[in-house]
Amino acid sequence: MEITVYNDAAAFDELADEWNALLARAPLNCVFYTWEWQKTWWQAYQPGELLILACHSGNQLVGIAPLFTTESARGKSTQIIGCVDVTDYLDFVVDRDQLQPALAAFADCLCDQRAGIGALDLCNIPADSPTRQILPELLAERGFAVEVEQQEVCPVISLPGDWRSYLASLDKKQRHEVRRKIRRIQGSAREVDWYIVNGQHNLSREIDTFARLMAASDPEKERFLNDAANQRFFRAIVPMMHERGWLQLNFLTVGQTPAASYINFIYGDRVMVYNSGHDHQDFGDLSPGIVLLAYNIRHAIEQGYQYFDFLRGDEAYKYRMGGRDTAVMNIRAE
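Notes on the structure in this doc start here.

What counts, and at which threshold
- Residues numbered from 1 in each chain as written.
- Predicted model: local features only at pLDDT ≥ 70, side-chain atom pairs only at ≥ 80, totals over all residues.
- Heavy atoms only, no water.
- Axes fitted to C-alpha atoms, helices over the stretch in contact; angles between N-to-C directions.
- Helix = DSSP H or I, 4+ residues; strand = E, 2+ residues; numbered from the N terminus.
- Parallel < 35°, antiparallel > 145°, perpendicular 65-115°, else oblique.
- Left-handed = near helix turned anticlockwise from the far one by under 90°.
- Contact = heavy atoms within 4.5 Å.
- Nonpolar A, V, L, I, M, F, W, Y, C, P; charged D, E, K, R; others polar.
- Core = buried A, V, L, I, M, F, W, Y, C linked by side-chain atoms within 4.5 Å.
- Buried < 20%, exposed > 50% of the residue type's maximum accessible area, 1.4 Å probe, protein only.
- Expected span 1.5 Å × (residues − 1).
- 1 Å grid on protein atoms, 1.4 Å probe; cavity = no way out; pocket = protein on both sides within 12 Å on 5 of 7 lines; lining within 4 Å.
- Points joined across faces, edges and corners; volume = space filled by probe spheres on them.
- Phe/Tyr/Trp six-rings, centres within 6.5 Å; stacked < 30°, edge-to-face > 60°.
- Lys NZ or Arg CZ within 6 Å of the ring centre and 35° of its normal.

## Quick notes on the packing of helix 3 (residues 99-112) against helix 5 (residues 130-141)
Consideration 1: Direction vectors running N to C along helix 3 and helix 5 enclose 45°, while the axes themselves pass 10 Å from each other. Taken together, the axis directions place helix 3 and helix 5 in an arrangement best described as oblique. As helix 3 packs across helix 5, the resulting crossing turns out to be right-handed. Mapping the contact onto sequence places Leu99, Gln100, Leu103, Ala104, Ala107 and Leu110 in helix 3 and Pro130, Thr131, Ile134, Leu135, Leu138 and Leu139 in helix 5.
Consideration 2: Split by residue class, the contact of helix 3 with helix 5 holds 10 nonpolar, two polar and no charged.

## So, the nonpolar core
Consideration 1: With 54 residues, the main nonpolar core has Phe32 and Phe265 as its most contacted residues.
Consideration 2: The contact partners of Phe32, leaving out residues within four places of it in the chain, are Trp37, Gln38, Thr87, Asp88, Tyr89, Phe265, Met272, Tyr274 and Leu311.
Consideration 3: In this structure, Leu51, Ala102, Ala104 and Ala105 belong to the second largest nonpolar core, which totals 32 residues.

## Observations concerning the side chain of Asp88
Consideration 1: Examined against the element boundaries, Asp88 turns out to sit in the loop between strand 4 (75-80) and strand 5 (93-94).
Consideration 2: Residues contacting Asp88, with those up to four places away along its chain left out, are Phe32, Asn124, Tyr274, Leu311, Arg312 and Val328.

## Details of helix 3
Consideration 1: With 14 residues, helix 3 should reach 20 Å at 1.5 Å per residue; the first-to-last C-alpha distance of 20 Å fits that figure.
Consideration 2: Those residues of helix 3 that sit buried are Leu99, Ala102, Leu103, Ala104, Ala105, Phe106, Ala107, Cys109 and Leu110.

## A few points about the layout of surface pockets
Unfilled space is identified by rolling a water-sized probe across the atoms.
Consideration 1: By volume, the largest pocket is sized at about 1200 Å³.
Consideration 2: As for the largest pocket, its lining consists of 42 residues, of which Lys221, Tyr274, Asn275, Arg312 and Glu315 are closest to the centre.
Consideration 3: Listed by contribution, the elements that provide at least two residues to the lining of the largest pocket are helix 2 (35-45), helix 7 (172-186), helix 8 (203-217), helix 9 (219-226), helix 10 (228-244), strand 11 (270-278), helix 12 (288-302) and helix 13 (316-320).
Consideration 4: Sort the elements by how many residues they give to the lining of the largest pocket and strand 11 lands first, with five residues.
Consideration 5: Here the residues of the lining of the largest pocket sort into 18 nonpolar, 12 polar and 12 charged.
Consideration 6: One number sums up the size of the second largest pocket: a volume of about 380 Å³.
Consideration 7: Lining the second largest pocket are 19 residues, with Leu28, Tyr89, Pro126, Asp128 and Arg270 sitting closest to its centre.
Consideration 8: Examining the composition of the lining of the second largest pocket, we find that three residues originate from one element, strand 13 (residues 324-333), more than from any other.
Consideration 9: A breakdown of the residues in the lining of the second largest pocket according to their chemical character gives 12 nonpolar, four polar and three charged.

## Regarding the packing of aromatic side chains
Consideration 1: Within this structure, the stated rule accounts for 22 aromatic pairs.
Consideration 2: Ring centres 4.9 Å apart and planes at 40° place the aromatic pair Phe265 and Tyr274 in the tilted group.
Consideration 3: Of the residues examined, Tyr274 reaches a relative accessible area of 17% and is grouped as buried.
Consideration 4: A connected cluster of aromatic rings, assembled from ring pairs, spans Phe32, Trp37, Trp41, Trp42, Tyr45, Phe68, Tyr89, Phe233, Phe265 and Tyr274.
Consideration 5: Taking NZ or CZ as reference, Arg114 lies 4.1 Å from the ring centre of Phe144, over its face.
Consideration 6: Of note, Arg298 hangs over the ring of Trp163, and the distance from its end group to the ring centre comes to 5.5 Å.

## Points about unusual backbone geometry
Consideration 1: Here the amide bond leading from Cys83 into Val84 is cis, since omega sits at 15°, within 30 degrees of zero.
Consideration 2: Within the element layout of this structure, Val84 appears in the loop between strand 4 and strand 5.
Consideration 3: The phi torsion at Gln46 lies on the positive side, around 40°, for a residue other than glycine.
Consideration 4: By the element assignment, Gln46 lies in the loop between helix 2 and strand 2 (49-57).
Consideration 5: Residue class for Gln46 comes out partly exposed when judged on its relative accessible area of 48%.
Consideration 6: A positive phi angle is found at Gln256, which is not glycine, with a value near 70°.
Consideration 7: Along the chain, Gln256 turns up in the loop between strand 9 (247-254) and strand 10 (257-267).

Right under this line is the structure:
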């Protein structure tokens, strides 16, 4: 195993042709691990010094550890690109047939660079990731003090084969509430519809509408959008996901006025709810956010997806709609 260390953004260009091909051979393949996501995040934020480790076996790329080092009040630390707020799952990208030797090579490299990397602080690692299962022991064998703890939860619905079975999986009260809210909005005197943005829509204009609804729905979301780096990332990643066919931006309209919206990512066997917005002031009585969420779940079932992933956060509505906790972990080593 040979490790190449990259300290500048040219790494993304050098690894572009192999990155996603390697990801397809990894045990966990997620949109947040793609070359597109990682490069776009880095271009928007650049919070420190890049430290991408590429592992080759012979001429074949078998692993990528996309890292960066940064300084804070706690001192120097090394984190995964994407950490922490806008990226829900993170991991090393490693060929499933080379997990042990590639992760051992990464551990050796991190040990060799120990004086310059500070504390290793790897956030949002899925609990079922081989990185979470293998890397801590490898680091401990090399003299690191390692702590692994649960960082947050990501509620996920395992989707059944049809809408009726999904409703039956909810508790009686919530099943009644979902049906009641759908009947109420469908019985409104105003015309109600929903649509998924496609090539017939003006994407830039639809993104502007989503941002308005997102800001109106929550003061914290408004503050997020007012941050220049967040705005830069948001305006870059949404068109990128659309270009790759991984975006599902959808709106519920009441009287042809947008009342609620979701940005989902569709990747592999799942739909991932990345963000949302809705108009409390004018349409709160119709519960447009929950109704559109129900439409999204029904559409995911009809399209044959296996999972509907709410991503990080333990908000109550996720559980009312059938979410069950999965965990993301933090690996800290120094």
